[in-house]
Amino acid sequence: MDFIGVLAVDAVAFGRTVTGLITRPYETYRRIIKHGKAGELVFVAAAMVLYFSLASLVKIASFRPFLLTQQFALLFWAATSGVLLSVGCIYVASKLLRVKTAFVTILLAWSYTLIPTILWFLTTSLLYLILPPPRTTSVLGVMFSLLFLIFSATLLWWKVTLCYLTLRFSLKLDLVKSVVVALLCAPVLAWWTIYMYRWGVFKVPFL
Amino acid sequence: MSDTTYQKFVKRWEEVTDIPPQTLGPLTGVYKQITKRLKVMPWPWFVAASIGFVLALYVLVGSTITILTSLLQGGF
């Protein structure tokens, strides 16, 4: 099969997986771990590139190619460092718990947890353009706030579920051990979050 | 049982038994009840939990909730 053919197959697999994450997350994660291919990561990366291109435009707010490229590169590498750090932490924690797993398996499973993250950041950027903050305490302001927070919390529950399924299927852990892995990873990710905030890259962590 | 059905059953059985069943002592029943609802189309539960959470937050902090929204909106 030529390159385009392989890409098309991976695109279909990616589409099926994303649909599955919405309707049947449990079964879909089982399939990702058993039959997922590294080629699908290209499409997660493409979604990130799409979002960071838009975010760079919104943040720079002018068409200046050097600044836009600089902002894009900063966001992309910062996000990539976050993903690699998360996966690395889970991998090290799995070794501490003496669980046999491959780095690529965790990377593939974790990459799909970025779908809710990308969706939230993309929607927030668009809303920033349409209805820029700050929100007022008027009835409309409060109503918008309630809807926005409900939307954010819904995506957060989805994200938490996908993170748990990543640990459950890629490491074959039970709930207690999954919590232990999360607790082991939390300080490292908190450190990353604080530095990203201090450097002005992400105020809300892109994890 | 035909060979094809049996092969499908074996394949499915191997998939299901690939990870050990979850046990949480006396909380196992509660865990199963919650996860049962999250395995297929979990959105109604996600939205319901979010509405409950946000309304509780609104009751607690009132219109100060708009500050949180402003922070999150500028947080991308």
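Residues numbered from 1 in each chain as written. Chains lettered and ligands numbered in written order. Predicted model: local features only at pLDDT ≥ 70, side-chain atom pairs only at ≥ 80, totals over all residues.

Q: Before we go on, may I ask you to explain the overall build of chain B in this structure?
A: Along chain B, the regular secondary structure elements total four helices and zero strands. The helix and strand sequence of chain B, counted from the amino end, reads α-α-α-α. The C-alpha atoms of chain B give a radius of gyration of 21 Å, which is well past the 11 Å a tight globule of 76 residues would have. Judged by the C-alpha coordinates and their principal axes, chain B covers about 65 × 35 × 20 Å. (Helix = DSSP H or I, 4+ residues; strand = E, 2+ residues; numbered from the N terminus. Rg over C-alpha atoms; globule rule 2.2 N^0.38 Å.)

Q: Explain helix H4 (residues 65-73) of chain B to me, please; I cannot follow it from the model alone.
A: Structurally, the α-helix is built with 3.6 residues per turn, so residues lying three or four positions apart point the same way. Ile65, Thr66, Thr69, Leu72 and Gln73 of chain B are the residues of H4 of chain B that are buried. All buried residues of H4 of chain B fall inside an arc of 120° around its axis, so they share one side. The elements touched by buried residues of H4 of chain B are helix H6 (114-130) and helix H7 (139-170) of chain A together with helix H3 (43-61) of chain B. (Buried ≥ 20, exposed ≤ 12 C-beta atoms within 10 Å, placed from the backbone. Arc of directions from axis to C-beta. Contact = placed C-beta atoms within 7 Å.)

Q: When you look at the packing of helix H2 (residues 25-35) of chain A against H7 of chain A in this model, what are you seeing that I'm missing?
A: When two helices pack together, their arrangement is captured by the angle between the axes and the distance separating the axes. Residues and elements named next belong to chain A. Contact pair H2 / H7: the axes reach a minimum separation of 10 Å and the direction vectors enclose 45°. It follows that H2 is oblique to H7 by the angle criterion. Relative to H7, H2 is oriented so that their crossing is right-handed. From H2, Pro25, Tyr26, Tyr29, Arg30 and Ile33 reach across to H7, where they touch Thr161, Leu162, Leu165, Phe169 and Ser170. Of the residues assigned to the contact of H2 with H7, the class counts are seven nonpolar, two polar and one charged. (Axes fitted to C-alpha atoms, helices over the stretch in contact; angles between N-to-C directions. Parallel < 35°, antiparallel > 145°, perpendicular 65-115°, else oblique. Left-handed = near helix turned anticlockwise from the far one by under 90°. Nonpolar A, V, L, I, M, F, W, Y, C, P; charged D, E, K, R; others polar.)

Q: What am I meant to see in the nonpolar core here?
A: Across soluble globular proteins, nonpolar side chains have a tendency to be buried as a group. Ranked by size, the top nonpolar core spans 41 residues in total, and within it Val87, Ile90, Ile106, Ala109 and Trp110 of chain A carry the most contacts. What valine 87 of chain A contacts, discounting residues up to four positions off in sequence, is Phe103, Ile106, Leu107 and Trp110 of chain A. (Core = buried A, V, L, I, M, F, W, Y, C linked by C-beta atoms within 7 Å.)

Q: For this particular structure, what's the right way to read the interface of chain A and chain B?
A: Interface size, as often reported, equals the accessible area lost upon joining of the parts. Listed per partner, the contact involves 36 residues of chain A and 30 residues of chain B. Every element with two or more residues in the side of chain A that touches chain B is listed here: H2, H6 and H7 of chain A. Top contributing element to the side of chain A that touches chain B by residue count: H7 of chain A, with 15 residues. Looking at side-chain class alone, the side of chain A that touches chain B contains 19 nonpolar, 10 polar and seven charged residues.

Q: In this structure, what is going on with unusual backbone geometry? I would like to understand it.
A: What is expected of a backbone is that most residues other than glycine have negative phi and most peptide bonds are trans. Note the cis peptide between proline 133 of chain A and proline 134 of chain A, where omega equals 10°. Among the secondary structure elements, proline 134 of chain A is positioned in the loop between H6 and H7. Positive phi values are uncommon outside glycine, yet arginine 98 of chain A reaches one of about 60°. Looking at where arginine 98 of chain A falls in the secondary structure, it is placed in the loop between helix H4 (65-96) and helix H5 (103-112). Given 6 C-beta atoms within a 10 Å radius, arginine 98 of chain A is considered exposed. Its identity as a non-glycine residue notwithstanding, methionine 41 of chain B has a phi of 45°, on the positive side. Relative to the assigned elements, methionine 41 of chain B resides in the loop between helix H2 (28-39) and H3.

Q: Where do I start with the packing of H6 of chain A against H7 of chain A in this structure?
A: All names here are of chain A. Following both chains from N to C, one finds H6 and H7 inclined at 160°, their axes separated by 8 Å at the closest point. As judged from the angle between their axes, H6 and H7 are roughly antiparallel. In this structure, the crossing between H6 and H7 has a hand that is left-handed. Residues Pro116, Thr117, Leu119 and Trp120 of H6 lie in contact with H7, whose contacting residues are Ser152, Leu155, Trp158, Lys159 and Leu162. Its residues assigned to classes, the contact of H6 with H7 comprises six nonpolar, two polar and one charged.

Q: Explanation requested: the confidence of the model for chain B in the structure shown.
A: Regions with low pLDDT carry predicted coordinates that are not meant to be interpreted in detail. Averaged over every residue, the pLDDT of chain B is 87; the share at 70 or more is 99%. Interface confidence for the predicted complex, expressed as ipTM, amounts to 0.87; the pTM equals 0.91. (pLDDT = per-residue confidence, 0-100.)

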